[in-house]
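# Commentary on secondary and tertiary structure
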Amino acid sequence: MVRDAAAPGGNDRAVPSEPHGSFMNEISIQFEFGADFAQLEAIPEDPRQRSAYFQRFKAFLNKSRDKIKAWHRSGAGGREVIQAHCGLIDETIKHVVLAIDGLGPFRDETLADRFALVAVGGYGRGELNPRSDIDLLFLLNKKMDRKLDAFIQEVISVLWGIGLEIGHSCRTLKECQSLARDDSTVRTSMIETRFLIGDRALYGRLWDTVYKNVLKKHAQDYLDTTLRKFFSRPDGGEGVTSHPEPDIKNGPGGLRDYHVAMWAVAMCFDGASLSEMNRDDILDADELQTLKKSVNFLLRVRNELHYLTGKKADVLTRSIQMDLAHHLGYEGGGTVAVERFMRDYFRHATHIHTISEAVFHRCLESRPLIQKVITTFQQKKLGHGFFAYKSQLRVADHADDIFEKDRSLLLTAFTLCRDHKLEPGAHLKRLVRLNKHFLDEDFIRGRQAITFLFDLLRSNQAFPQLRQLHEAGVLGQLLPEFEESLFEVHYDFYHRYTSDEHALRMVRFLEELNTSKETNLEKLKQVYTGLPDRSILKLACLLQTFGNRPEDLDGVDQKSPLTEVAQRLQLTPKQQGTLHFLVKNKNMMNELAFHHDIHHPPTIRELGRLAGQPERLDLLLLMSYADLRAVAPETWTEWKNILLTELYHRTRNYLVRPESIDEKPKATRNAVYSLLADEFDRTVISDHMGTMPEDYFLTESSEDIADHIRLIQGMGERPFSLKATYHEKGGFYNLVVAGPSDIHLFKNLVGTLTAKAMNILGAQIFAGNGGLTILIIQVSARNIQNAYDDMPAVWREVEDNVIRILERKVTLNELLRTRTRFHKRSGENEGIEPKIQIENFPEDRFTRVRIDARDHPGMLYKIVYTLAQFGIELHRAKIATRGGRGIDIFSVSLRGGKILFQPLIQRIKEQIIQSLLVEKLEELP
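A brief report on the enclosed structure follows.

About the thresholds
Residues numbered from 1 in each chain as written. Predicted model: local features only at pLDDT ≥ 70, side-chain atom pairs only at ≥ 80, totals over all residues. Heavy atoms only, no water. Buried < 20%, exposed > 50% of the residue type's maximum accessible area, 1.4 Å probe, protein only. Helix = DSSP H or I, 4+ residues; strand = E, 2+ residues; numbered from the N terminus. Pairing = 2+ DSSP bridges. Salt bridge = Lys/Arg side-chain N within 4 Å of Asp/Glu carboxyl O. Axes fitted to C-alpha atoms, helices over the stretch in contact; angles between N-to-C directions. Arc of directions from axis to C-beta. Contact = heavy atoms within 4.5 Å. Parallel < 35°, antiparallel > 145°, perpendicular 65-115°, else oblique. Left-handed = near helix turned anticlockwise from the far one by under 90°. Nonpolar A, V, L, I, M, F, W, Y, C, P; charged D, E, K, R; others polar. 1 Å grid on protein atoms, 1.4 Å probe; cavity = no way out; pocket = protein on both sides within 12 Å on 5 of 7 lines; lining within 4 Å. Points joined across faces, edges and corners; volume = space filled by probe spheres on them. Polar contact = N/O pair within 3.5 Å; in protein donor to acceptor, adjacent residues only side chain to side chain.

### So, the pairing of strand 12 (residues 772-780)
The element strand 12 is extensively covered by neighbouring structure, given that eight of its nine residues are classed as buried. In the sheet, strand 10 (residues 732-740) pairs with strand 12 via nine bridges, with the strands oriented antiparallel. Among the inter-strand pairings, Phe732 is bridged to a residue of strand 12, identified as Ser780. Pairing of strand 11 (residues 760-767) with strand 12 involves seven bridges; the strand directions are antiparallel. Following the sheet pairing, Ile760 is matched in strand 12 by Val779. The hairpin formed by strand 11 and strand 12 contains four residues between the paired strands, and Gly771 there has a positive phi angle of roughly 90°.

### Some points on the pattern of salt bridges
Summed over the entire model, instances satisfying the criterion amount to 48 salt bridges. Here Asp281 makes a salt bridge to Arg362, at a shortest N to O gap of 3.1 Å. Residue Asp281 is located in the loop between helix 10 (255-268) and helix 11 (285-309), and its partner Arg362 is located in helix 13 (residues 336-365); the two are separated by 81 residues in the primary sequence. Note that Arg445 is salt-bridged to Glu564, the shortest N-O span being 2.6 Å. Here Glu564 lies in helix 26 (residues 561-568) and Arg445 lies in the loop between helix 18 (441-444) and helix 19 (447-458), a separation of 119 residues in the sequence. Accessibility expressed as a relative area gives 33% for Arg445, which makes it partly exposed. Overlapping salt bridges, with partners in common, bring together Glu441, Arg445, Glu481, Glu564 and Arg568 in one network.

### Looking at the sheet that holds strand 3 (residues 166-172)
Strand order across the open sheet formed by four strands is 3-2-1-4, with mixed pairing between neighbours. At either end of the open sheet lies a strand with only one pairing partner, and these are strand 3 and strand 4 (193-198). Ignoring which end each strand starts from, the neighbouring axes of this sheet average 25° apart. Bridge analysis of strand 1 (residues 115-120) against strand 2 (residues 134-140) gives six bridges, and the strand direction is antiparallel. Among the inter-strand pairings, Ala116 is bridged to a residue of strand 2, identified as Leu139.

### Describing helix 29 (residues 601-611)
Turning to helix 29, its buried residues are Pro601, Thr603, Ile604, Leu607, Gly608 and Ala611. Down the axis, helix 29 shows its buried residues gathered within 165° of arc, on one side only. Against helix 27 (573-584), helix 28 (588-595), helix 30 (614-631), helix 31 (638-656), helix 32 (660-676) and helix 34 (694-699) lie the buried residues of helix 29. At the exit of helix 29 stands Gly612, carrying a positive phi of roughly 85°.

### With respect to the packing of helix 7 (residues 184-191) against helix 8 (residues 200-215)
With their axes 10 Å apart at the nearest point, helix 7 and helix 8 run at an angle of 135° to one another. It follows from the interaxial angle that helix 7 and helix 8 lie oblique. When you trace helix 7 past helix 8, the crossing you get is left-handed. Residues Arg187, Met190 and Ile191 of helix 7 pack against Leu206, Trp207, Val210, Val214 and Leu215 of helix 8. Looking at side-chain class alone, the contact of helix 7 with helix 8 contains seven nonpolar, no polar and one charged residues.

### Concerning empty space enclosed by the protein
The tally for this structure, following the rule as stated, stands at five cavities of 30 Å³ or more. In this structure, the second largest cavity encloses a volume near 50 Å³. The wall of the second largest cavity is formed by Thr354, Glu357, Lys429, Arg433, Glu471 and Ala472. Looking at the lining of the second largest cavity, the elements that each hand over two or more residues are helix 13 and helix 17 (426-435).

### Overview of the packing of helix 6 (residues 173-182) against helix 8
Direction vectors running N to C along helix 6 and helix 8 enclose 30°, while the axes themselves pass 10 Å from each other. For the element pair helix 6 / helix 8, the angle class is roughly parallel. Between helix 6 and helix 8 the crossing geometry is right-handed. Counting all contacts with helix 6, which are made through Leu173, Cys176, Gln177, Ala180 and Arg181, the residues of helix 8 involved are Leu202, Arg205, Leu206, Thr209, Val210, Asn213 and Val214. Looking at side-chain class alone, the contact of helix 6 with helix 8 contains seven nonpolar, three polar and two charged residues.

### Notes on the sheet that holds strand 6 (residues 386-389)
Read from one edge to the other, the open sheet built from four strands follows the order 5-6-7-8, with strand pairing classed as mixed. Each having just a single partner strand, strand 5 (380-383) and strand 8 (423-424) make up the two edges of the open sheet. When strand 5 meets strand 6, the two strands line up antiparallel, connected through three bridges. Within the sheet, the bridge partner assigned to Gly383 lies in strand 6 and is Phe386.

### Considering the side chain of Gln544
Relative to the assigned elements, Gln544 resides in the loop between helix 25 (535-542) and helix 26. Relative accessible area serves as the criterion here: at 2%, Gln544 is assigned to the buried category. At 3.2 Å, the side chain of Gln544 and the backbone oxygen of Ser499 are in polar contact. Once residues within four sequence positions are removed from consideration, Gln544 is found in contact with Ser499, His502, Ala503, Met506, Lys586, Met623 and Asp627.

So, in structure tokens, the structure goes:
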């Protein structure tokens, strides 16, 4: 049986429960607690008269559970609480068995000598969280007879009656042995068993029979197949911190990792526990203490998760992490508490994963002598005491002092892994982790350490080895500033990963550009592969967390954190300047691309001034891409790719030819005349271009403007004209509408699209001084192409519905009541407090309105609806999402000028917030 699990007995070893005894004596806990079963009345013999008995028993159990819950909430350890739960259920089950044994039909049958009641699974380990499964095995001395069957059925009936959700099986010794041989799940359950009541000698025979005849004989096969998969590295080399909503039981670093290590030890060391192995080469005292502390933390978190959800739950979803942090005693305003909690969680989960993995693989390597001889012939010596075995780099068992003799071999090991495409073996990883302190400050300032780091960063496959170095703790030794970001969490509905994981993912996505076949990444691939040296770019990725606090990089009285890096790594002034530029401005390009007008000359000039030279702009483009891609799987979209690369192209052209930004309007006008010379009279073209604002010619291409003129000329008697074009590369539809200069047209169009459940990506509005407006709206094709078969018919319906609204044949509210609804996205109901900014900038002729709120269907319509109530005109709309947050930015005016009256600005803010909080669109006031 497994004996390191948290089982009744008050220590780390499961002591088999006695058939009798009080709950207080069974659990060694340091507070006044008891469950006096004597106060319960005798169970009625007639099952039809047990309803009241069951209710009293449930109330009795609930009272005891409430005491345990209160103890947990007061700060009791996770292990102590599960022991208390386990002890309560032990005594409850034994009480029921003895009570049934005393009933008339069974009183004289001596049934207790004919079976052993055994706890199995997590309950057998003694790990019983508040809502965990309670699994029992009725172990039989011989085949079931009618009387024993009736007795067991009676026991199960009563246990269910008092509210215990019991899973049970009835098997003989022979059946247990046969099933354990054929079924790995049963085999595992046989490892973790605990005697409760009945024939103790029979239980002793179970362990001897199954262990000697099944577990011991099939140990290597069981380790190699059933258990090895728990530590198999998934695709992409993901680790513990790759899972922002971790599974506390089955995920990397979860409790199952610890269980697998215990199972492996039990099978390879004759049932010994982790504490009893006495093998410092596998697990020393410090590691054992760290493991116990981290397991205790996870058990406490799982207890609270069960209490909060009221059910058996294992996944720490973002929606519950804040409540967990609060109930677990973390303090701090805003998101501080949850960030501290999740940082602690990932730290403890990493300890569990690394230590448990090392223990398991060492057990796997403890093969019989003949197998070790065969293994020796398969080894390839690589020098310095290292050898390759299959896909692993290993070191001899007797070479535990290899790094004490020569600390430089800590880096040699990873160089060999890189050169021979190997993974460090579990024993080697453990030795590296235990000896990493030899890479002290003097060493990392030396030429060998600096050369090693830059050779790695210059390679095309740095990510896999950076992951290896990180998991062994070496990367943090070589780059202490990276160590500062270890397990750092930003709980902002945008970032999904810890800062260290985010940094590694940035390097991964950059390096994947080398071999990318995605046509939409061609420009990024071209820029990346054209770089003469990528080392500073990757170094900036590893230090990206400082970019979240750009003010720390401007210190006058104190050195910037990056200055110390530059001095230690002996960077040239140019390299130092590039590193500082990339880290400080890592968010700048994405901010401009997604939340500003990328066609507005001041935007282009500002980014150009910031970059200074095309080469730095190239690096910033790649840094921006990697940062956005690393945030979360859904953050990089075709639309964002288009915006980011267009901003890059316009700014790079400006850096190469600054005069080009002023030449574009004139060049665009001339090109339009050429394109339409054979279609329309020159005055028709001149009339259109003469009424449109100057930024129209900065933004739109000559081909687009020519299409607009064709659309206007084909409008006829209709109130407006609409044309939809599908952009396959970007995955969106571009809607161009020519109609009257009226915000209500835009509002009605947005409302009609919302009624069709269409996701609007962006909008440009060009109001001419002749009463005509060009509306350009980008609509995501992701959902609608699956929902609608005939898209031309859909666009005709949209146009017809807007006309019907304008002609007062239908109201927009009527359309919204019957709107299409798709399934809610994950996290859609997460709370984000709306933030409204209304600002006026000297260089901008419009007022800028920025709204940050929970992203949800109809968000844009609610905003446009509210602005229309005030008679505000829209000139630009930038719609973006980050995680669960919608960020919409508008350029607006009121009666041709900026909005400057502060009381009016306050009223607009208040009304937008009220509209955003309305659940049903058709109920807007």
